[in-house]
Amino acid sequence: IICFRYLATGDMFKTIAASYRMGERTVSNIVSQVCDALWLRLQPIYMPTPSKELWEDVSLQFERKWQLYNCVGAIDGKHICIRKPIHSGSSFYNYKQYFSVVLMATVDAHYRFTTIDVGSMGRFSDGNVFFNSRLGTMLHNGSLELPDSKPLPGQNEVTPCVFFGDEAFPLMWNLMRPYPKLRVTNNFANKVFNYRLSRGRQTVECSFGILSTRFRVYKRRFECKLETIDKIIKATTVLHNYLRTKVVQSNSVEEDDELMTAHSDSNLVPLQQNRIRGSRQAFLIRKKFKDCFSSAQGSVEWQRRAVENGHY
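Since the structure is predicted, the reported quantities are computational estimates derived from the model, not experimental observations.

Focus on the overall build of the protein
Piece 1. When its secondary structure is counted, the protein shows eleven helices and seven strands.
Piece 2. Taken across its 312 residues, the protein has 50% of its residues classed as buried.
Piece 3. Long-range pairs, those at least 24 residues apart, make up 69% of the contacts in the protein between residues at least 6 apart in sequence.
Piece 4. For the protein, the exposed surface amounts to about 15,600 Å²; the carbon and sulfur share of it is 50%.

In structure tokens, the structure reads:
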């Protein structure tokens, strides 16, 4: 009860301790231990290690709900305000002019987190955090087990499955970012591509909004140790997935329980090579998506699949 009150309200440990007639250190230890237990028990069920079957299920969700093909998730980072750690200098000071740690996450079409990376210092950009995360490393070396490439509607050539991100991320063969503003002006096809990418990418923005609204602890500055902050973030994300899964099930959306099986480690792993930005292959893949989104045949196929799935 003490832990859930802290997560739901964001009250200071001193206030909660006075309410329950406990010591402030006792409340801090309770929050740390309960959050750790929540992550260990719920993570294998509601945020399992991604597999090929899970990515295929996420891709199908994006196609049915948002009419986006070959999309295995939206990716973004969230700065979480903290008190300046002792002897940290400006390591945690971000471009928004406060101290923070970064929550890097990918989400599915129903606003549930599929992978998270917690604890990176706020001074790093989203692209830097992504490259040094376990997800970025696995994506680079091909061990993420993404679904097989398949043609987009109206095309014969196969196209790999991709993540959708914003301008902070680099353009890669399996990570799409929008066209820059200068390339969109007076270019209808590029404008349509950016619109459709934003349509899919807004899911991660909404997920962060739901998380911070449901758990008011994110509305205040964290005053505890960095290790405890990491535990709190991981516990709230897995609780968020638990609640979102209940909402999806109540709306009669099919869930595959066999996918909820393993354990993942979200610790940062150094990346040896990161000279993979803006390759020719990535530009060609983005052009395929642009042609699919802006072509008449692609629009007809989009509407046909939407009708079959009961969206129209």
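Quick notes on the sheet that holds strand E1 (residues 71-81)
Piece 1. Spatially, five strands are ordered E3-E2-E1-E6-E7 in an open sheet, and the strand pairing comes out mixed. Sheet topology places strand E3 (113-121) and strand E7 (175-176) at the edges, where each strand pairs with a single neighbour.
Piece 2. Looking at chain direction, strand E6 (residues 162-164) and E7 are connected through two bridges and run parallel. Within the sheet, the bridge partner assigned to Phe163 lies in E7 and is Leu175.

Quick word on the confidence of the model for the protein
Piece 1. Summary statistics for the protein give a mean pLDDT of 84 and a share of 85% for residues scoring 70 or more.
Piece 2. A low-confidence stretch, residues 252-276 (pLDDT under 50), is modelled with 53 contacts involving residues beyond four sequence positions or located in other chains.

Concerning helix H2 (residues 13-20)
Piece 1. Within H2, burial applies to Phe13, Ile16 and Ala17. Angular distribution of buried residues about the axis of H2 spans 100°; they occupy a single face of the element. Turned more than 90 degrees away from the buried face of H2 sit Lys14 and Ala18, all of them exposed.
Piece 2. Buried-residue contacts for H2 involve helix H1 (2-9) and helix H3 (24-46).

Section: the pattern of salt bridges
Piece 1. Taken as a whole, this structure holds eight salt bridges when the rule is applied.
Piece 2. The partner of Arg83 in a salt bridge is Glu223, and the shortest N-O contact between them spans 3.6 Å. Of this pair, Arg83 sits in the loop between E1 and strand E2 (100-107) while Glu223 sits in the loop between helix H8 (188-214) and helix H9 (226-250); the two residues are 140 residues apart in sequence, bridging distant segments of the chain.
Piece 3. A relative accessible area of 42% places Arg83 in the partly exposed class.
Piece 4. It is possible to trace a salt-bridge network through shared partners that takes in Asp76, Asp166, Arg201 and Glu205.

Description of the packing of H1 against H3
Piece 1. Interaxial distance between H1 and H3 falls to 8 Å at its minimum, and their mutual angle equals 90°. On the basis of the axis angle, H1 is roughly perpendicular to H3. Contact with H1, carried on its side by Ile2, Cys3, Phe4, Tyr6 and Leu7, involves Val27, Ile30, Val31, Val34, Cys35 and Leu38 of H3 and no other residues of that element.
Piece 2. Among the residues making up the contact of H1 with H3, the classes are represented as eleven nonpolar, no polar and no charged.

Considering the environment of Val72
Piece 1. Structurally, the position occupied by Val72 is in strand E1.
Piece 2. Sequence separation between Val72 and Glu56 is 16 residues; the distance between their C-alpha atoms is 7.3 Å.
Piece 3. Ignoring sequence-local partners within four residues, the contact set of Val72 consists of Trp55, Val58, Ser59, Phe62, Leu146, Pro147, Cys161, Val162 and Phe163.

Regarding helix H4 (residues 52-66)
Piece 1. Between the first and last C-alpha of H4 there are 21 Å, a value that for 15 residues agrees with the 21 Å anticipated at 1.5 Å per step.
Piece 2. Buried within H4 we find Leu54, Trp55, Val58, Ser59, Gln61, Phe62, Glu63 and Trp66.
Piece 3. Where H4 ends, the next residue or the one after it, Gln67, has phi of about 55°, a positive value.

Focus on the pairing of E3
Piece 1. The buried count for E3 comes to seven of nine residues, which makes it a mostly enclosed element.
Piece 2. Sheet topology note: the E2/E3 ladder contains seven bridges and is antiparallel. The residue bridging Ala105 from the neighbouring strand is Ile116, located in E3.
Piece 3. Connecting the antiparallel pair E2 and E3 is a turn made up of five residues, with Tyr111 showing a positive phi of about 65°.

A look at the side chain of Thr114
Piece 1. Positionally, Thr114 belongs in strand E3.
Piece 2. Judged by relative accessible area, which is 8%, Thr114 ranks as buried.
Piece 3. At 2.6 Å, the side chain of Thr114 forms a polar contact with the side chain of Thr106.
Piece 4. When residues no more than four places from it in sequence are discounted, the contact partners of Thr114 are Met47, Pro48, Pro50, Trp55, Val58, Thr106, Val107 and Asp108.

About the cut-offs
- Residues numbered from 1 in each chain as written.
- Predicted model: local features only at pLDDT ≥ 70, side-chain atom pairs only at ≥ 80, totals over all residues.
- Heavy atoms only, no water.
- Helix = DSSP H or I, 4+ residues; strand = E, 2+ residues; numbered from the N terminus.
- Buried < 20%, exposed > 50% of the residue type's maximum accessible area, 1.4 Å probe, protein only.
- Contact = heavy atoms within 4.5 Å.
- Areas by Shrake-Rupley, 256 points an atom, 1.4 Å probe, with all protein chains shown as cover.
- Pairing = 2+ DSSP bridges.
- pLDDT = per-residue confidence, 0-100.
- Arc of directions from axis to C-beta.
- Salt bridge = Lys/Arg side-chain N within 4 Å of Asp/Glu carboxyl O.
- Axes fitted to C-alpha atoms, helices over the stretch in contact; angles between N-to-C directions.
- Parallel < 35°, antiparallel > 145°, perpendicular 65-115°, else oblique.
- Nonpolar A, V, L, I, M, F, W, Y, C, P; charged D, E, K, R; others polar.
- Expected span 1.5 Å × (residues − 1).
- Polar contact = N/O pair within 3.5 Å; in protein donor to acceptor, adjacent residues only side chain to side chain.

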